[in-house]
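Close look at the chain arrangement
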Amino acid sequence: MSAAPPLGSHRVTPPAVHRRSAALRTWWASLRADALDAWMSPMVRKGTMGAMAITVGSFTPAFLPTDSHVLDVLGMPWMASLPWRIVATALVLVGVALLLEAWLRLRPRSGSAPLPAVIWALWSLPLLVAPPLFSRDAYSYAAQGHMVEMSWDPYSVGPFFSPGSFMDQVDPMWLFTPAPYGPLALQAQHLVVTATGGHAFLAAIGMRVWGLLAVAIIAYALPRLAENVGVSRNHAIWLGVLNPLVILHLVGGAHNDAIMIALSCLALLLASQGRLGWAVVAVAAAAGFKQTGVLTLIGVAGLALQFRHPLGTSQRVYLATVARSGVAAFVVFAGLTQLSGLGWGWVPNLSVPVSLRSMLSPPTFVGSVLEGVLTVFGLPEQWRSIPLHAMQGLGVLVAVAAIVYLTWRYGRTKPMVAVTGAYIALCLGSPVIHPWYTLWGLVLLGATRARPRVVTVAVWVTIFLLGYSAMDAAVSSGLLAMGLTAVAIVAWRWRRALHSGAFTAADARTSKERTDHPHTPLHLDRPILRVQ
């Protein structure tokens with residue numbers, strides 16, 4: 001017989017460990033149940049099919065690095081051929097359309113069942129193996145992370161000074177431009193490069209890890225923030241989490257904006273719970289990824305004061321809180337910058353993105369039109385450049401004035417309106433707009449009390465930018481491939497219409513009966529663009 005163990009020699013698991021383990025098991029069971037329930041919806045499955053089509057169609061020169069040997073390594077060099085580019089372009093266009101339709105038809109209405117936030121993960125999973133989508137920024141991120149890895153200063157030189165596979169896959173437009181991003185963004189890129197063993201293409205895909213983490217944070221924080229400020233949780237999930245722009249640009253495109261937006265949402269949630277100190281830390285971290293994150297302080301101060309003083313407070317107290325929070329955020333940001341070891345070299349590089357002429361920007365668009373008019377009239381070049389710079393400068397001034405007005409007028413009483421409007425004003429007044437820039441305000445709009453007309457505009461903006469992104473990718477595949485794809489899709493739709501005949505009233509009744517079936521998880525018998 002073996003001797004009994006000495007008294008007190010056996011290990012006792014602390015009760016706190018048991019509680020954490022039980023909470024983790026409960027969370028996982030709830031998440032799994034939500035995912036299974038969401039998968040029962042035909043629209044969720046349709047959105048996933050759309051994401052899968054985009055992933056398959058993304059393996060073309062339109063998304064892969066320039067002069068890349070990825071297709072040769074995969075043993076599929078035929079994917080660079082014209083026939084495959086036609087098929088791939090069609091897959092991307094159809095995939096975007098499927099994802100958009102699924103999102104529109106999932107729009108919640110009054111009395112709808114809770115919308116599972118986990119749908120974003122189901123739509124994102126197929127994108128994990130795709131190359132960076134609708135933008136080549138992730139290739140620049142990988143090169144910048146490699147420069148940090150090699151102890152070079154990415155704030156002083158561009159990827160051109162990092163010869164090799166990392167440089168080869170960067171868009172030629174950005175080869176000589178130093179990094180304009182915050183120090184935390186560069187260290188995050190460095191971490192991915194290290195984790196992927198210095199493999200350039202895998203590092204670019206690995207940047208998507210931060211996008212996944214960011215959308216997970218948004219999916220956690222935004223619905224709770226919405227409930228704290230009296231906005232529908234379902235509305236927040238639908239507009240701010242499941243929005244196809246979020247899926248395709250924050251996850252698919254792996255942009256630095258993702259973490260900035262996520263930390264901003266978390267900061268606003270913390271402020272709405274009265275935890276102003278932690279909210280300020282979150283804002284400082286957000287600015288460490290993208291400097292525009294400092295605007296979140298407008299809403300953070302107002303939400304924190306509303307928690308502490310439900311009956312309201314004075315404008316002087318609000319402005320003082322904004323100022324103190326700004327100073328504290330700067331101190332934290334300076335500390336994070338010091339810890340990063342990268343310094344403040346990003347300050348003179350803030351003008352780097354402006355070097356691109358973006359026709360999505362209203363000031364740039366108007367200035368370019370005026371420039372074209374002066375060109376038609378044969379004016380000298382020094383005169384022709386005046387309207388563009390003047391309109392871009394005017395746009396910045398209008399944006400700053402709008403931000404000041406929104407802060408003064410709504411920061412204390414309607415902080416979510418103030419901060420959301422501030423981000424929208426900054427985006428619209430900027431000389432450069434990319435589709436993912438609109439998500440600065442669009443995500444927060446999900447937790448903002450807005451008129452139905454405003455939400456309708458947001459939906460149409462989403463539709464337009466998705467179409468813009470899809471067509472931009474189609475053009476990148478080659479004009480011939482895009483033209484042949486368009487002809488094939490139109491011919492297919494025309495043939496289908498001829499064989500199916502007109503859609504009769506009886507068909508409509510039958511369709512309504514199907515969507516009203518009690519076992520359909522999410523009802524779809526509603527106009528796509530009507531906003532409650």
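Nothing here was measured: the structure is a model prediction, and the numbers come from that model.

Analysis parameters
- Residues numbered from 1 in each chain as written.
- Predicted model: local features only at pLDDT ≥ 70, side-chain atom pairs only at ≥ 80, totals over all residues.
- Heavy atoms only, no water.
- Helix = DSSP H or I, 4+ residues; strand = E, 2+ residues; numbered from the N terminus.
- Buried < 20%, exposed > 50% of the residue type's maximum accessible area, 1.4 Å probe, protein only.
- Contact = heavy atoms within 4.5 Å.
- Areas by Shrake-Rupley, 256 points an atom, 1.4 Å probe, with all protein chains shown as cover.
- Patch = residues over 30% accessible without salt bridge, like charges linked within 9 Å, V, L, I, M, F, W, Y side chains within 5 Å.
- Salt bridge = Lys/Arg side-chain N within 4 Å of Asp/Glu carboxyl O.
- Lys, Arg positive; Asp, Glu negative; His and termini not counted.
- Charge placed at Lys NZ, Arg CZ, Asp CG, Glu CD.
- Expected span 1.5 Å × (residues − 1).
- Axes fitted to C-alpha atoms, helices over the stretch in contact; angles between N-to-C directions.
- Parallel < 35°, antiparallel > 145°, perpendicular 65-115°, else oblique.
- Left-handed = near helix turned anticlockwise from the far one by under 90°.
- Nonpolar A, V, L, I, M, F, W, Y, C, P; charged D, E, K, R; others polar.
- Phe/Tyr/Trp six-rings, centres within 6.5 Å; stacked < 30°, edge-to-face > 60°.
- Core = buried A, V, L, I, M, F, W, Y, C linked by side-chain atoms within 4.5 Å.
- pLDDT = per-residue confidence, 0-100.
- Polar contact = N/O pair within 3.5 Å; in protein donor to acceptor, adjacent residues only side chain to side chain.

**What to know about the overall build of the chain**
In terms of regular secondary structure, the chain is built from 24 helices and zero strands. The buried share among the 532 residues of the chain stands at 48%. Put simply, 76% of the contacts in the chain that link residues at least 6 apart link residues at least 24 apart. Carbon and sulfur atoms make up 68% of the accessible area of the chain, which amounts to about 25800 Å² in all.

**Considering a positive patch on the surface**
Taken together, the side chains of Arg 409, Lys 414, Arg 451 and Arg 453 define a basic patch exposed on the protein surface. Here Arg 453 shows up in helix α22 (residues 452–476). Residue class for Arg 453 comes out exposed when judged on its relative accessible area of 70%.

**Observations concerning α22**
Residues spaced three or four apart along an α-helix face the same direction, because each turn holds 3.6 residues. With 25 residues, α22 extends 36 Å between its outermost C-alpha atoms, agreeing within 8% with the 36 Å of an ideal straight helix rising 1.5 Å per residue. Of all the positions in α22, only Val 455, Ala 458, Val 459, Thr 462, Leu 465, Leu 466, Ser 469, Ala 470, Ala 473 and Ala 474 are classed as buried.

**Observations concerning helix α2 (residues 42–57)**
Across its 16 residues, α2 extends 22 Å between first and last C-alpha, which sits within 8% of the 22 Å expected from 1.5 Å per residue. Considered for burial, the residues of α2 that qualify are Met 43, Val 44, Gly 47, Thr 48, Gly 50, Ala 51, Ala 53, Ile 54, Thr 55 and Gly 57.

**Quick notes on the packing of helix α14 (residues 276–289) against helix α16 (residues 315–340)**
For the pair α14 and α16, interaxial distance at closest approach is 8 Å and the crossing angle is 55 degrees. As far as their axial angle goes, α16 and α14 are oblique. The two elements α14 and α16 cross, and the hand of that crossing is right-handed. Here Leu 276, Val 280, Val 281, Ala 284, Ala 285, Ala 287 and Gly 288 of α14 come into contact with α16, specifically with Thr 321, Ser 325, Ala 328, Ala 329, Val 332, Phe 333 and Leu 336. Its residues assigned to classes, the contact of α14 with α16 shows eleven nonpolar, three polar and no charged.

**Some remarks on the packing of aromatic side chains**
Under the counting rule described, the total for this entry stands at 13 aromatic pairs. With centroids separated by 5.9 Å and ring planes inclined at 90 degrees, the aromatic side chains of Phe 333 and Trp 346 adopt a geometry described as edge-to-face. One end of the pair, Phe 333, is in helix α16; the other, Trp 346, is in the loop between α16 and α17 (362–376), and 13 residues separate them in sequence. Pair check on accessibility: Phe 333 and Trp 346 agree, each one buried. Taken together, a centroid distance of 6.0 Å and an interplanar angle of 35 degrees make the contact between Trp 344 and Trp 346 tilted. Residue Trp 344 is classed as partly exposed on the basis of its relative accessible area, which comes to 38%. When its relative accessible area of 9% is taken as the criterion, Trp 346 is described as buried.

**Side note on the nonpolar core**
By size, the foremost hydrophobic cluster in this structure holds 145 residues, and its most contacted members are Trp 103, Trp 123, Ile 218, Leu 222, Leu 242, Ile 261 and Leu 439. The greatest single-element share of this core, amounting to twelve residues, is contributed by helix α13 (residues 257–272). With residues near it in sequence (within four places) discarded, Ile 261 still touches Ile 218, Leu 250, Leu 439, Trp 440 and Val 443.

**A look at the confidence of the model for the chain**
The predicted model of the chain averages 84 in pLDDT, with 85% of residues at 70 or higher. Here helix α24 (residues 505–515) stands out as the least confident element of the chain, with mean pLDDT 37; α13 is the most confident, with 97. Note that residues 500–532 has pLDDT below 50 and, in this model, 46 contacts with residues that lie over four places away or in other chains.

**Description of the side chain of Thr 321**
Structurally, Thr 321 can be placed in helix α16. A distance of 2.8 Å separates the side chain of Thr 321 from the backbone oxygen of Val 317, its partner in a polar contact. When sequence neighbours within four positions are dropped, the list of residues in contact with Thr 321 reads Leu 276, Ala 301 and Leu 305.

**Some points on unusual backbone geometry**
Across residues other than glycine, the phi torsion is negative in most instances, and most of the peptide bonds are trans. At Phe 134, a position not held by glycine, the phi torsion is positive, near 60 degrees. Judged by its relative accessible area of 11%, Phe 134 falls in the buried class.

**What about a nonpolar patch on the surface?**
Taken together, the side chains of Met 359, Phe 365, Val 366, Val 369, Leu 370, Val 373, Val 376 and Phe 377 present a nonpolar region at the surface, about 750 Å² in accessible area. Mapped onto the fold, Phe 377 is located in the loop between α17 and α18 (381–384).

**Notes on the pattern of salt bridges**
A pair can form between side chains of opposite charge whenever their charged atoms are brought close. Under the counting rule described, the total for this entry stands at four salt bridges. Among the ionic pairs, Glu 101 bridges to Arg 105, the shortest N-O distance being 3.2 Å. Within this pair, Glu 101 and its partner Arg 105 are both found in helix α4 (residues 82–105), separated by four residues, close to a single helical turn. We classify Arg 105 as partly exposed; its relative accessible area is 25%. Of the charged contacts in the structure, one is a salt bridge between Glu 371 and Arg 357, with a shortest N-O distance of 2.6 Å. Placement of the pair is Glu 371 in helix α17 and Arg 357 in the loop between α16 and α17, with a sequence separation of 14 residues. Relative accessible area serves as the criterion here: at 17%, Glu 371 is assigned to the buried category.

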